[in-house]
Amino acid sequence: MERVALVGFGIAGASLAATAPEGIELVVYDVAGPRCSSRVATGLVNPIVLKRRRVVWRAVEALKVALRTYPSELHSSGPIYEVLQTVQELNDWQALSDHPALGEFLGEVTPVPQGIHGVGLGKVRGSFRLNVIGFIEHTRAQVEVWNEQVNEIEANAGGSWTINGQERFDRVILAEGYQARWAEHFWGPLGFARTWGQGLHVHLTAEPGVMLHRSHFLIPEPNGSYQLGASFGWGIDHGDQDPPRALVDQTEELLNSARDWVNARIEVQGQWTGIRPNTQDRRPRWGWHPEHATLGMLNGLGSRGTLHAPLLAQELWAAR
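Residues numbered from 1 in each chain as written. Predicted model: local features only at pLDDT ≥ 70, side-chain atom pairs only at ≥ 80, totals over all residues. Heavy atoms only, no water.

To describe a pair of aromatic rings, one takes the distance between the centres and the angle between the planes. Applying the stated criterion across every chain, the model contains seven aromatic pairs. Each ring, one from Y29 and one from W146, has its centre 5.4 Å from the other, and the planes form 75°; the classification is edge-to-face. Pair noted here: Y29 is in strand β2 (residues 24–29) and W146 is in strand β10 (residues 144–146), with a separation of 117 residues, a long-range link. The pair formed by Y29 and W146 is uniform in burial state, with each residue classed as buried. For the pair W161 and F186, a centre-to-centre distance of 5.6 Å together with 90° between the ring planes defines the contact as edge-to-face. Of this pair, W161 sits in strand β12 (residues 161–163) while F186 sits in helix α5 (residues 181–187), placing them 25 residues apart in sequence. Exposure class is identical for W161 and F186. Each is buried. An aromatic cluster is present here, built from Y29, W146 and F169 joined pairwise through their rings. Above the face of the W57 ring, R58 is positioned so that its terminal group lies 5.5 Å from the ring centre. (Phe/Tyr/Trp six-rings, centres within 6.5 Å; stacked < 30°, edge-to-face > 60°. Helix = DSSP H or I, 4+ residues; strand = E, 2+ residues; numbered from the N terminus. Buried < 20%, exposed > 50% of the residue type's maximum accessible area, 1.4 Å probe, protein only. Lys NZ or Arg CZ within 6 Å of the ring centre and 35° of its normal.)

Written out as structure tokens, the structure reads:
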């Protein structure tokens, strides 16, 4: 039995736990709190960059692994729809359905629901919403979790590791999210470009009832409200920062952009902020350390974490 310490338990850590092979004794170090980006993430699994009309990096294989990894009861019941506001946009969507890469994911056009201004909705095939907190808690219940801060990671002779001067492990995997304290300690600068986002909980006087995208995402919640967001902002210099407070100008930016395509009164009920573990080249960071073969990392998943995390977790285990 190989004893492995997993540092961090957001979507990356939970995916590593869910895809762990036989013969692994997994111990999770996790201090869940406001700095866990996954706990405010909307959980969209989306193979298309809708604003640019292109397929997400490794979308086909990532989607297959995600569907195998995430319990079906934690999926949303419907896909994402792109709001098409002009006849030209509708025609372009239908024309792109023959594209060799995009065509697999661009579905049929359906009528616009109540409360939305447009000429049609383009279905994004393969898309769904994951209940991220539900998945984290579902997976967390199956592993040993220590609510303990990691203050020391020491390499031992022979490739083993000691954490906090007490516990010995055969391997350590770092899945710290945007903080990346220990990953950057061992690997050096990883090219992080951390960004923060703000979203709103809103009530609509006319409810479309489906997940929509135009300038931002509009996502129905079980309690009858909707999530609107998220904004995109820079200024997160390092991983020690907490998510900033919600800003009035960001709220107005979200509302003003939504009013162009939401034909209903929007009432703000609450707001949230989070920090994305983005990288400068928009590529995740995963693999085993070039000098410490028993030290692994999965990080930098950015806004596509729910799509890519299971695939990259599976590949990390396979390469050990």
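The linkage connecting G229 with the following residue, A230, adopts the cis geometry, with an omega of 0°. Its location among the elements puts A230 in the loop between β18 (226–229) and α6 (248–258). In the Ramachandran plot, R53 falls in the positive-phi region, its phi being about 55° despite a non-glycine side chain. Among the secondary structure elements, R53 is positioned in the loop between β4 (48–49) and β5 (54–55). Classification of R53 as partly exposed rests on a relative accessible area of 23%.

Here we come to the sheet that holds strand β8 (residues 120–124). In spatial order, the strands read β7-β8-β6-β16-β17-β18-β15-β19; together these eight strands make up an open sheet with mixed pairing. Two strands in the sheet have a free side with no partner beyond their single neighbour: β7 (106–110) and β19 (266–276). Neighbour-to-neighbour, the strand axes of the sheet open up by a mean angle of 25°, direction not taken into account. One ladder, built from three bridges, connects β7 with β8; its direction is antiparallel. Bridging across to β8, L106 finds its partner in V124. Against the sheet, helix α3 (residues 87–96) contacts β6 (80–84), β7 and β8, and its axis sits at roughly 145° relative to β7. α6 contacts β15 (195–204), β18 and β19 of the sheet and is inclined by roughly 55° relative to β15. (Pairing = 2+ DSSP bridges. Axes fitted to C-alpha atoms, helices over the stretch in contact; angles between N-to-C directions. Contact = heavy atoms within 4.5 Å.)

Here the focus is the pairing of strand β17 (residues 217–220). The two faces of the sheet receive side chains in turn, since in a regular strand these alternate between them. Here strand β16 (residues 211–213) pairs with β17 via two bridges, running antiparallel. Paired with H213 across the bridge in β17 is F217. Here β16 folds back onto β17, and the loop between the two strands holds three residues. Here β17 hands over to β18 after five residues, with G224 in that stretch at a positive phi of 95°.

The values are spatial; any link to function lies outside them.
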